[in-house]
Amino acid sequence: MTEEVKANGLDQAQAAQPQFAIQRIYTKDISFESPNSPAVFQQEWKPEVKMDLDTRSTKLDDNSYEVVLSVTVTANAGDQTAFLVEVQQAGIFTIADMSDQQKAHILGSFCPNTLFPYARECISNLVNRGTFPQLNLAPVNFDAIFAAYMQKRIEEAQAQQAAAQSQEA
């Protein structure tokens, strides 16, 4: 009987441990456009490259979340768009037994960081298939982006609280 109690206690202790698992990583959407070809191929290649990032997460069930990292890369040669690439790289992640703050950090930083190399490879391949010179995107510090996002939310909440207090006075 004591072994059964110990086993149950062990199971409960294991169940309380934070859990994280990658269930699946997949490409949700891909788009490649070269609107000014072939004229853009006849110009000197000195592009201005711009990258935009966006993430979103959706709760699928109690412990499963879909995280989608959207990466848009635009290369302009002079006043013409050489190419525009959009990739939505997604993953299904199991996250359990974590505080809301830990869960937010995992969804807002760790998961996008996991997805980015897949999106970067997809973009590089698409640009290469468009016969443009190789494009290697620099790594992204998702921890810094997430920290800035959280700081902005805190400042907005403080501003709303201050506005509410001034209206009451």
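Preceding this paragraph is the structure being described.
Residues numbered from 1 in each chain as written. Predicted model: local features only at pLDDT ≥ 70, side-chain atom pairs only at ≥ 80, totals over all residues. Heavy atoms only, no water.

Caption draft 1: Up close: the pairing of strand E3 (residues 64-77). Judged by how many residues are buried, E3 sits mostly within the fold: 13 of 14 residues are covered. Two strands pair when backbone bridges link them, and strand E2 (residues 48-59) and E3 are joined in this way by 12 bridges, in the antiparallel orientation. Its bridge partner being in E3, Met 51 is matched across the sheet by Val 73. Adjacent in sequence and paired antiparallel, E3 and strand E4 (residues 80-96) are bridged by two residues, among which Gly 78 carries a positive phi angle near 70°. (Buried < 20%, exposed > 50% of the residue type's maximum accessible area, 1.4 Å probe, protein only. Helix = DSSP H or I, 4+ residues; strand = E, 2+ residues; numbered from the N terminus. Pairing = 2+ DSSP bridges.)

Caption draft 2: Quick look at the side chain of Ser 124. Relative to the assigned elements, Ser 124 resides in helix H2 (residues 100-129). A residue is classified by how much of its surface remains accessible, and Ser 124, at 16% relative accessible area, is buried. There is a polar contact of 3.4 Å between the side chain of Ser 124 and the backbone oxygen of Leu 135. When neighbours within four sequence positions are excluded, Ser 124 is seen to be in contact with Gln 134, Leu 135 and Asn 136. (Polar contact = N/O pair within 3.5 Å; in protein donor to acceptor, adjacent residues only side chain to side chain. Contact = heavy atoms within 4.5 Å.)

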